[in-house]
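Listed below, chain by chain, are the residues.
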Amino acid sequence: MQRDSVHGHAAQRTSARICMLNYNAWGVIADLDGKNVHIGGEEVQHALMSRYLARSGHQVTSLVGDFGQQAVEQVGGVTVRKTFALDAGVPGLRFFAPRLTATWAGLKAAAADVYYVSCAGASVGIVAAFCQRHGRRLVFRIASDADCAPDTLMLSNARDRALYHYGLRRADAILAQTDKQAALLLKNYGLHAEVAGMFSDLPETVLAPAERATDLLWLANMRSMKRPEWFIDMVRELPELVCEMAGGANPAELDLYVRTERGSRALPNLRFHGQVKFGTTRSLFARTRIFVNTSSFEGFPNTYLQAWANGVPVVATFDPDGIIARLGLGVAVTDVAGAVAAARALLADPPELAACSARCRAYAITRLAPETVSAPYLSALLA
């Protein structure tokens, strides 16, 4: 069971000192090209959420890795503190120094009332131990379905698994991206989680589908669970379409990136971008008619939010809580053949594509507004 708040259950505060931890978030905060830093959905969420909290009057500190920036920087009203460089320290001992020592020092320097971390990993346990020692609150948010059961954790290191489990059981509040995640957490750990939506970058205006130049877009980090080769197979079956593909390499699966890039070169209708800045993804979605996701499992993809915010339907093999099929925000499929058929059908029916685009945009405007999304986060952070 989660422990009671160290601050009790008094009336909720209206402002707080909040510290958020995400090692790679500097890549999005500084809009880096991603060559030396992983940029994924959680990094995007960290940047968007920290900026929103700062604009809302909270004192926000973001703890990130050392990528050569200043020790402390002010960006968008957020105090950004760097911790350690991945290659610093002696192999075998670097977990303790500088990683643990620098992280602990950063947590202490933030002097926050509440600490927030997302995604399963050793950092959950480290922050939990800090909060236990200093009488602070810890809010943890699940980032993937894999975070919700011991058998599916994407943590091969026994130490990291133990630290994650230690922190998970000591969080004052747990947030989940979907009802499915909340159910899995309850089933596998006996812990309760509130469902919280995701922050999104909502453009003021978007182009009509007929005015866009790209038919299909695939955007994700090149990991085996994302199955980028499925999109290559799709494009091969759709030579008449204009397609784009973007995403950075996962250091543990560099061969997958190489194979994907090589496969793209054989397809004249596919433009392969590789790793791109987060700022560049805005223009990719703005000119796309359909976004394609080929993952075997996810959390709640940040790319879906970007797509819908731009009025882009999603053709996907992963449908969190059945939202795509239930609300008509694209087409949920199970394989490459289904994805090919769905894309062809939508593009061959301009009125239906326009109607689907309008549904996506309307969903984004009504459901992804920061004031709406932030409610469960603020409830947990300010308790």
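Residues numbered from 1 in each chain as written. Predicted model: local features only at pLDDT ≥ 70, side-chain atom pairs only at ≥ 80, totals over all residues. Heavy atoms only, no water.

Novice: What's the story with the overall build of the protein in this structure? I'm lost.
Specialist: Looking only at helices and strands, the protein features 14 helices and 14 strands. Whereas a compact globule of 383 residues would reach a radius of gyration of roughly 21 Å, the protein reaches 21 Å, a difference of no more than 12%. Expressed along its principal axes, the backbone C-alpha trace of the protein runs to roughly 60 × 45 × 40 Å. Long-range contacts, defined as pairs at least 24 residues apart, comprise 67% of the intrachain contacts of the protein with a sequence gap of at least 6. On the protein, roughly 16000 Å² of surface is accessible, and the fraction owed to carbon and sulfur atoms is 54%. (Helix = DSSP H or I, 4+ residues; strand = E, 2+ residues; numbered from the N terminus. Rg over C-alpha atoms; globule rule 2.2 N^0.38 Å. Contact = heavy atoms within 4.5 Å. Areas by Shrake-Rupley, 256 points an atom, 1.4 Å probe, with all protein chains shown as cover.)

Novice: What is the right way to read the UniProt feature "domain: Glycosyltransferase subfamily 4-like N-terminal" (unreviewed entry) in the protein from this model?
Specialist: In the UniProt entry, the feature "domain: Glycosyltransferase subfamily 4-like N-terminal" (unreviewed entry) is given for residues 40–193. Taken end to end, residues 40–193 comprises 43% helix and 19% strand; its first and last C-alpha atoms sit 23 Å apart. (UniProt positions renumbered as here; feature names shortened; annotations may be inferred.)

Novice: Help me understand the packing of aromatic side chains, please; the structure alone is not making it clear to me.
Specialist: One pair of aromatic rings is described through two measures. These are the centre distance and the angle between the planes. Taken as a whole and assessed by the stated rule, the structure comprises 16 aromatic pairs. Between phenylalanine 95 and phenylalanine 96 the ring centres are 5.2 Å apart and the planes differ by 85°, which places this aromatic pair in the edge-to-face class. On the basis of relative accessibility, which here comes to 14%, the residue phenylalanine 95 falls in the buried class. Between tyrosine 115 and phenylalanine 130 the ring centres are 5.2 Å apart and the planes differ by 65°, which places this aromatic pair in the edge-to-face class. With tyrosine 115 in strand 5 (residues 114–118) and phenylalanine 130 in helix 4 (residues 122–134), the pair connects residues that are 15 residues apart, well separated along the chain. What links up through ring pairs into an aromatic cluster is the set Phe285, Phe291, Phe300, Tyr304, Trp308 and Tyr363. For the cation-ring pair, arginine 159 lies above phenylalanine 95, with the distance from its terminal atom to the ring centre recorded as 3.9 Å. We note arginine 227 situated over the ring of tryptophan 230; from NZ or CZ to the ring centre the distance is 3.7 Å. (Phe/Tyr/Trp six-rings, centres within 6.5 Å; stacked < 30°, edge-to-face > 60°. Buried < 20%, exposed > 50% of the residue type's maximum accessible area, 1.4 Å probe, protein only. Lys NZ or Arg CZ within 6 Å of the ring centre and 35° of its normal.)

Novice: Explain the sheet that holds strand 11 (residues 270–274) to me, please; I cannot follow it from the model alone.
Specialist: The strands making up a sheet associate through backbone hydrogen bonding, with each pair oriented either parallel or antiparallel. Strand order in the open sheet made by the 6 strands is 11-10-9-12-13-14, with parallel pairing throughout. The open sheet has two free edges, formed respectively by strand 11 and strand 14 (330–332), since each of these has just one partner strand. In this sheet, adjacent strand axes meet at a mean angle of 20° when their direction is disregarded. Where helix 7 (residues 228–237) meets the sheet, it contacts strand 9 (214–219), strand 10 (243–246), strand 11 and strand 12 (288–293), and its direction lies at approximately 165° from that of strand 10. Helix 12 (residues 336–347) rests against strand 9, strand 12, strand 13 (314–316) and strand 14 of the sheet, and its axis sits at about 165° to strand 12. (Pairing = 2+ DSSP bridges. Axes fitted to C-alpha atoms, helices over the stretch in contact; angles between N-to-C directions.)

Novice: What is the right way to read the pattern of salt bridges from this model?
Specialist: Oppositely charged side chains can pair when the atoms bearing their charge come close. Scanning all chains against the criterion turns up 13 salt bridges. For aspartate 160, the salt bridge goes to arginine 159, with nearest N and O atoms at 3.2 Å. Judged by its relative accessible area of 36%, arginine 159 is partly exposed. Note that glutamate 240 is salt-bridged to arginine 344, the shortest N-O span being 3.6 Å. Here the residue glutamate 240 occupies a position in the loop between helix 7 and strand 10, and arginine 344 occupies one in helix 12, the gap between them amounting to 104 residues. (Salt bridge = Lys/Arg side-chain N within 4 Å of Asp/Glu carboxyl O.)

Novice: Can you walk me through the sheet that holds strand 8 (residues 194–195) in this structure?
Specialist: Overall, mixed pairing links the 8 strands, which are arranged 3-4-2-1-5-6-7-8 in an open sheet. At either end of the open sheet lies a strand with only one pairing partner, and these are strand 3 (72–75) and strand 8. Pairing of strand 5 with strand 6 (residues 137–141) involves 5 bridges; the strand directions are parallel. Considered in strand 6, the bridge of valine 114 is made with arginine 137. Set on the sheet, helix 14 (residues 370–381) makes contact with strand 1 (17–21), strand 5, strand 6, strand 7 (173–176) and strand 8; between it and strand 6 the angle comes to about 150°.

Novice: Even after reading the chapter, I still don't get the packing of helix 3 (residues 95–110) against helix 4, so can you show me in this structure?
Specialist: The relative placement of two packed helices is expressed as an angle between their axes plus a distance between the axes. Where helix 3 contacts helix 4, the axes come no closer than 11 Å and their chain directions differ by 50°. Here helix 4 runs oblique to helix 3, going by the angle between their axes. Crossing of helix 3 over helix 4 shows right-handed handedness. Facing Phe95, Leu100, Thr103, Trp104, Leu107 and Lys108 of helix 3, the residues of helix 4 in contact are Ala122, Ile126, Val127, Ala129, Phe130, Arg133 and His134. A breakdown of the residues in the contact of helix 3 with helix 4 according to their chemical character gives 9 nonpolar, 2 polar and 2 charged. (Parallel < 35°, antiparallel > 145°, perpendicular 65-115°, else oblique. Left-handed = near helix turned anticlockwise from the far one by under 90°. Nonpolar A, V, L, I, M, F, W, Y, C, P; charged D, E, K, R; others polar.)

Novice: Explain the layout of surface pockets here, please?
Specialist: One way to see where empty space is left: roll a probe the size of a water molecule over the atoms. Each pocket or cavity is described by its volume, and for the second largest pocket that value is around 400 Å³. Gln177, Val195, Gly197, Tyr363 and Arg367 are, among the 19 residues lining the second largest pocket, the residues nearest its centre. Elements with a minimum of two residues in the lining of the second largest pocket: helix 11 (323–327), helix 13 (350–367) and helix 14. The leading source of residues in the lining of the second largest pocket is helix 14, at 3 residues. (1 Å grid on protein atoms, 1.4 Å probe; cavity = no way out; pocket = protein on both sides within 12 Å on 5 of 7 lines; lining within 4 Å. Points joined across faces, edges and corners; volume = space filled by probe spheres on them.)

Novice: It is not clear to me how helix 9 (residues 278–286) should be interpreted in this structure. Could you clarify?
Specialist: Working note: α-helix, 3.6 residues per turn, so residues spaced by three or four point in the same direction. For helix 9, the full list of buried residues reads Phe278, Thr281, Leu284 and Phe285. Along the long axis of helix 9, the arc covered by the buried residues comes to 90°, so they all point the same way. (Arc of directions from axis to C-beta.)

Novice: Is there a simple way to think about the environment of glutamine 45 in this case?
Specialist: With respect to the element layout, glutamine 45 can be found in helix 2 (residues 41–55). Judged by its relative accessible area of 3%, glutamine 45 is buried. For glutamine 45 and serine 118, which are 73 residues apart along the polypeptide, the C-alpha to C-alpha distance reads 9.7 Å. Not counting the four nearest positions on each side in its chain, glutamine 45 is found in contact with Arg141, Met198, Phe199, Asn302 and Leu305.

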